[in-house]
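Chain and residue survey
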Amino acid sequence: MSTGRPSLVIVGAGPRGTGLLERIAANAPELYGDSGTDGFEGFDIHVVDPYPPGAGRIWREEQSPLLWMNSEAQDVTMFTDDTVDMAGPVLEGPTLHEWASLDGRTFADRPRQGAYMRWVYERAVAALPPGIRVQHHPRRALRVNGPREGRQQVWLQGWSRPLLADLVVLSLGHLDAELDDEQRQLATYAREHGLVHLPPDFTADSDLSALAPGEPVLVRGFGLAFVDLMVLLTEGRGGRYDGQTYHPSGREPILHVGSRRGVPYHSKIGYGWEGERPPLPRFFGPAEVDELLARPGGGFDFRRDVWPLVEKELGFAHYHRLFAAHPERTRMAWTDFEEKYAAAAGVEIQALVASAVPDPADRLDLAALDHPLDGVRHTSYEELQNGLRGYIEGDLRRRHDPSHSPDLAVFLGLLSVYGQLVRLGDIGSWWHGFFSYLASGPPGPRLRQMLALSRAGILKFVGADMTVTAEGGVFRAGSATVPGATIEARALVEARLPHPTVERTRDSLLRELYADGAAATPEGLLAVDAADGRVLDRSGIPHPRRFALGPHTDARGSGAFTRPRTGGPAFRQNDATARAALAFLRALSCRAAG
């Protein structure tokens, strides 16, 4: 299963595994040299993934073209640029829209993205120096063991002998999870009463055939997983749109959707940036992160110590744009406002903004954004439908109107903040949900489809603080928005991704790694060294031969893909891990060469 040559095993061949391979190819000439000319051999790279390399499971080409990317094609790249803070060389390459010859504002379908990823993977393999060989193993990796100072054993499904690896990198991507207590109870109740219960899952992989035409279905979750569900149960079952009207096929179930907020994620912004950008970071940058990390014992609290800095940073982005692009809507010179804003905190900022920005609609209120239906009450579900359609219509108007361009500035602020927060490790799940709600919502056309489905009676809104109970042989849903009212259904779908901790993940490799002593954060993420991604043990010591990258770690990076010229943290992480791996393998080869 292995030769005597040095070897690297990469478990996971999706975006992070592919990005790591691209960085290995970029850094190899400097850090490894040309095998055969320096007196030592090259090394082997074994890529382990049951799905096609490049795209991996989530972005594989074999899925419905009705499912779209959630970013414009011009905002998707797998290649570095000079905004990335990294030690390795920049090797530029095309964005998705350049590679596929698409309009940059297009939301490409996922099979097209999968083809782009396959091309990036093949390009990275072709760019490796002679002597570095790559082999893809279309199998699952089951476990990793081996001594800290010796070769690791990577056991693959269906193999009686392991792959031997000098280094292992886990780039596992998003993972399935065992059901939590609530989900187990709901699943048991469904089995006992002949109901349908679909737990958190990747919607494209869910078996939706049990959701019968015309039958009510309760859906808990109003984010991107819901959008995929909506598409597959409507257009995916033969329905079609004619402008703003939906024509049912008759095969659709009736979807009753609610969530904590009770509203869909905000629409993608439908206009470009013009003029001066806010100078970010301003109040939450490397110096502030350094100060937080330097506190004894890592003693900082997100809400107490971090969130005020984030809030001030986002406010700065918002008001910088408002004063620059819409000065007629302000009462103060920007220089005066900026000086006072920099010195203010808490209620002082609120007072300053109230005096300088007369219209409350021009003020940034992050708490109100996070709880849009707080205090909103309707006397009937029909009244709620009208109210939510008005909310969505208003969101679409605002997100496509450049007179509200401070919203786009806040988006840029969110990207800047995300890049800084990566260094703080696991800060809990609230921030990631808030970020996605504001900055990673669906394309505008998807919200227009929601409106059409609502008018057609296929989609019905439940409201905020949705509750679900299992009683009387059915599932019942209610919400704070329509007090006292309930909806009954024989089917419940949890429209959200699984939240796998190292203890609850269905991935046996990661679960056994944790059982064998790897450290985890309070949120259940694998703890890694911030410098190069080495897996930490419970005493905080990095493993010399094991690395991990991606959303299952406390250095999550910036998601699957990066917007060009935003200094993507994932690029920086991939580069650091690639350089550490190459330096280790080079030293190993030099020792072997004598």
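Description of the structure in this document. Note that the coordinates shown come from a computational prediction; the quantities given were computed from them, not determined experimentally. (Residues numbered from 1 in each chain as written. Predicted model: local features only at pLDDT ≥ 70, side-chain atom pairs only at ≥ 80, totals over all residues. Heavy atoms only, no water.)

1. A few points about the overall build of the chain
If you tally the helices and strands in the chain, you get 16 helices and 19 strands. Taken over the C-alpha trace, the chain has a radius of gyration of 25 Å; the compact-globule value for 594 residues is 25 Å, and the two agree within 12%. A principal-axis box enclosing the C-alpha atoms of the chain has dimensions of 80 × 65 × 50 Å. The proportion of buried residues among the 594 residues of the chain is 55%. A sequence separation of at least 24 residues applies to 75% of the contacts in the chain between residues at least 6 apart. Counting every atom, the chain has about 24,400 Å² of accessible surface; 51% of that belongs to carbon and sulfur. Positive and negative side-chain charges of the chain, numbering 64 and 75 respectively, have mean locations separated by a distance of 3 Å. (Helix = DSSP H or I, 4+ residues; strand = E, 2+ residues; numbered from the N terminus. Rg over C-alpha atoms; globule rule 2.2 N^0.38 Å. Buried < 20%, exposed > 50% of the residue type's maximum accessible area, 1.4 Å probe, protein only. Contact = heavy atoms within 4.5 Å. Areas by Shrake-Rupley, 256 points an atom, 1.4 Å probe, with all protein chains shown as cover. Lys, Arg positive; Asp, Glu negative; His and termini not counted. Charge placed at Lys NZ, Arg CZ, Asp CG, Glu CD.)

2. A short note on the sheet that holds strand 14 (residues 467-471)
Strand order in the open sheet made by the three strands is 14-15-16, with antiparallel pairing throughout. Edge positions in the sheet fall to strand 14 and strand 16 (487-489), since each of these pairs with one other strand and no more. Each strand of the sheet is rotated relative to its neighbour by a mean of 25°, with strand direction disregarded. Pairing between strand 14 and strand 15 (residues 474-478): five bridges, direction antiparallel. Directly across from Val 468, in strand 15, lies its bridge partner Ala 477. Packed onto the sheet, helix 4 (residues 181-193) meets strand 14 and strand 15 and runs at close to 135° relative to strand 15. (Pairing = 2+ DSSP bridges. Axes fitted to C-alpha atoms, helices over the stretch in contact; angles between N-to-C directions.)

3. Description of the sheet that holds strand 7 (residues 167-170)
Strand order in the open sheet formed by six strands is 3-2-1-7-19-18, and the pairing between neighbours is mixed. Only two strands of the sheet have a single partner each, and these edge strands are strand 3 (133-137) and strand 18 (534-536). Averaged over all pairs of adjacent strands, the angle between their axes in this sheet comes to 30°, without regard to strand direction. Relative to strand 3, strand 2 (residues 44-48) runs parallel, the two being bridged by five bridges. Paired with Asp 44 across the two strands is Arg 133, which belongs to strand 3. Of the strands in this sheet, strand 1 (7-11), strand 2 and strand 7 are in contact with helix 1 (residues 15-31), which crosses strand 1 at around 150°.

4. Details of the packing of helix 7 (residues 302-325) against helix 12 (residues 406-421)
How two helices pack is summed up by the angle between their axes together with the distance between the axes. Look at helix 7 against helix 12: their axes get within 8 Å of each other, and the N-to-C directions meet at 145°. The crossing of helix 7 and helix 12 is right-handed. Between helix 7 and helix 12, the contacting residues are Phe 302, Val 306, Val 310, Glu 313, Leu 314, Ala 317, His 318, Arg 321 and Leu 322 on the first element and Pro 406, Ala 409, Val 410, Gly 413, Leu 414, Ser 416, Val 417 and Leu 421 on the second. Considering only residue class, the contact of helix 7 with helix 12 consists of twelve nonpolar, three polar and two charged. (Left-handed = near helix turned anticlockwise from the far one by under 90°. Nonpolar A, V, L, I, M, F, W, Y, C, P; charged D, E, K, R; others polar.)

5. Overview of unusual backbone geometry
Backbone torsion omega between Leu 280 and Pro 281 reads -5°, so that peptide bond is classified as cis. Although it is not a glycine, Ser 101 adopts a positive phi angle of roughly 55°. Within the fold, Ser 101 resides in the loop between helix 2 (96-100) and helix 3 (110-127). Take Ser 101: its relative accessible area is 67%, and that puts it in the exposed class.

6. Here's the deal with the packing of aromatic side chains
Applying the stated criterion across every chain yields a total of 29 aromatic pairs. Aromatic side chains Phe 323 and Trp 334 sit 5.3 Å apart centroid to centroid with 55° between the ring planes, which places their arrangement in the tilted category. Residue Phe 323 is located in helix 7, and its partner Trp 334 is located in helix 8 (residues 334-343); the two are separated by eleven residues in the primary sequence. Taken together, a centroid distance of 5.0 Å and an interplanar angle of 15° make the contact between Trp 430 and Phe 434 stacked. Note that Trp 430 and Phe 434 are positioned in helix 13 (residues 430-439) at a spacing of four residues, about one turn of the helix. You can call Trp 430 partly exposed: its relative accessible area is 25%. (Phe/Tyr/Trp six-rings, centres within 6.5 Å; stacked < 30°, edge-to-face > 60°.)

Note that every value here comes from positions in space, so none of it alone points to a role or purpose.
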